[in-house]
Amino acid sequence: MTAAAASVSFPTIPAAYRMFRVTGQILNDSNVNTVTFQLNGDSGSNYDNQRLQVNATTVDAARTTGQTSGFIFNGGNNIDDSESGSFQIHLVKQQTTDEAIAVVTTAYMDNQGTSAIRKTDYNVIWKNTDALISQINIIKGSGNFAVNTMILLEGNRA
Amino acid sequence: MSLIGVPEHIATTVLSGTAGSIRFDFPASYRILMCDVYIANDANDKDVTVTLNNDTGSNYDYQDVSVDAGSVSGARVTGAAGWLITTHEDFDASQDYYAAFCVAKSTSGIDAQLVHQISYRGVGDEIVYESLIGQWSNTANLITRLDITASSNNFAAASAASLWGVRL
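Thresholds, definitions, all that
Counting from 1, residues in each chain are numbered in the order their sequence is written. Whichever chain is written first becomes A and whichever ligand is written first becomes 1, with later ones labelled in order. Since the coordinates come from a predicted model, pLDDT governs what is reported: local features require at least 70, and pairs of side-chain atoms require 80 or more to be given and counted, while whole-chain, interface and lining totals use all residues. Note that water and hydrogens are dropped before the side-chain values are worked out from all heavy atoms of the structure. Helical segments are the DSSP runs of H or I of at least four residues, strand segments are the runs of E of at least two, and each set is numbered from the N terminus. We compute the radius of gyration from the C-alpha atoms alone; for a globule the expected value is 2.2 Å times N to the 0.38, where N is the number of residues. Burial classification: accessible surface area is computed with a 1.4 Å probe over protein chains only, and a residue below 20% of its type maximum counts as buried, one above 50% as exposed, and the rest as partly exposed. Only heavy atoms matter for contacts: two residues are in contact if any of them lie within 4.5 Å across the pair. Strand pairing requires that DSSP identify at least two bridges connecting the strands. Note on terms: buried area is the combined drop in 1.4 Å-probe accessible area of two parts once they are placed together, counting the loss on both. By salt bridge we mean one thing: a side-chain nitrogen of Lys or Arg within 4 Å of a carboxyl oxygen of Asp or Glu. A 3.5 Å cut-off defines polar contacts: any pair of N or O atoms within that distance qualifies, except that in protein one atom must be a possible hydrogen donor and the other a possible acceptor, and neighbouring residues in sequence count only when both atoms are side-chain atoms. When residue character is reported, Ala, Val, Leu, Ile, Met, Phe, Trp, Tyr, Cys and Pro are called nonpolar, Asp, Glu, Lys and Arg charged, and the others, Gly included, polar.

A few points about the overall build of chain B
On a plain count of helices and strands, chain B comes out with zero helices and twelve strands. Secondary structure elements of chain B occur, N-terminal to C-terminal, as β-β-β-β-β-β-β-β-β-β-β-β. Relative to the 2.2 N^0.38 estimate, which gives 15 Å for 168 residues, the radius of gyration of chain B is 16 Å and therefore close to what a compact globule would have. Its C-alpha atoms give chain B principal-axis dimensions of about 45 × 35 × 25 Å. For chain B, buried positions account for 52% of its 168 residues. The long-range share in chain B, meaning contacts at least 24 apart out of those at least 6 apart in sequence, stands at 73%.

Re the sheet that holds strand E4 (residues 48-52) of chain B
Reading across from one edge, E2-E11-E4-E7 (chain B) is the order of the four strands in this open sheet, with antiparallel pairing throughout. On the outer flanks of this sheet lie strand E2 (21-25) and strand E7 (83-84) of chain B, each paired with one strand and no other.

With respect to unusual backbone geometry
Although it is not a glycine, A:Thr12 adopts a positive phi angle of roughly 50°. On the secondary structure map, A:Thr12 appears in the loop between strand E1 (7-10) and strand E2 (17-27). The class for A:Thr12 is exposed, based on a relative accessible area of 71%. Non-glycine residue B:Ala69 carries a positive phi angle of around 55°. The residue B:Ala69 is located in the loop between strand E5 (60-68) and strand E6 (71-80) in this model. Judged by relative accessible area, which is 67%, B:Ala69 ranks as exposed.

Details of the interface of chain B and chain A
With 35 residues of chain B at the interface, the matching set in chain A holds 30 residues. Roughly 2500 Å² is buried in total at the junction of chain B and chain A, and carbon and sulfur atoms are behind 66% of that figure. Summed over the shared surface of chain B and chain A, the number is zero salt bridges. Applying the counting criterion to the chain B and chain A interface returns eleven residue pairs in polar contact (both at pLDDT 80 or more). Of all elements in the fold, only strand E3 (30-39), E5, E6, strand E8 (97-104), strand E9 (112-123) and strand E10 (126-136) of chain B reach the threshold of two or more residues within the side of chain B that touches chain A. The residue inventory of the side of chain B that touches chain A, partitioned by class, reads 17 nonpolar, twelve polar and six charged.

Overview of the environment of A:Gly141
Tracing the backbone shows A:Gly141 in the loop between strand E10 (136-140) and strand E11 (150-157). Once you skip the residues sitting within four places of it in the chain, A:Gly141 turns out to touch A:Asn33 and A:Thr34.

Printed below as a string of structure tokens:
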């Protein structure tokens, strides 16, 4: 990104694409907040998230259903101010009658590096079975993604 | 021709004989690196470490999670000399190993980060899941070199690695 922005959108994805990989490094501004994703602009309560987080030797899990987005950095793993975090999402929706399934892996430093690195994974189900994926939005909860944030979208056609 | 934002195949190395490491050198314009690693089996146990820019200083942190049958465990290492992608235990003799990972560093002056997407190996009749993320706190330079090193014993012939990169 050459300018700060609150979201990154990949619109008008042809319906032939059914499998995706999204890779990114988020550079944060001074706002501590979430990074999530929405598909096809759907902000309804259609996203179920299952988290696995590892903080040193502590492993914990949490399931949150009926959310308005899929989680990347969320809750216990918000990106703190002026910190960066990297992620990779594998996403598939093969046909309209199926739910979309995403596997999310993230790397980030907690509390501006004064605490050590944590790992968080999510499995996300998008329960909207109406449409194939035509849009992917990566969204900052508040504030902006800073300059030099980079997000790569790759897709495989059916 | 430079392909901005398009993954490009940088190189693939397939070992014709034993070797202690697999090394890739590439331009600094690559800011996202994707690597697939296959380690062929031989009679020796070995650990596998990833380093950037030949930096073997205490600049690598990583957080691991592994699942071995019904046991889930985590491990955090800070100030290491590389990312040990076989943190759970070393790669056992006579077993194959596969790993896929991604390293991102969008600009100089920030940390590079590792997302170790998938890693598993058979230990006897068992299969172990391991996943790891990491941070390289050497902020001065963009990445121009990546080494995959066997910290004990050599990689066997037919071990292979492919590296892909995305330019900005």
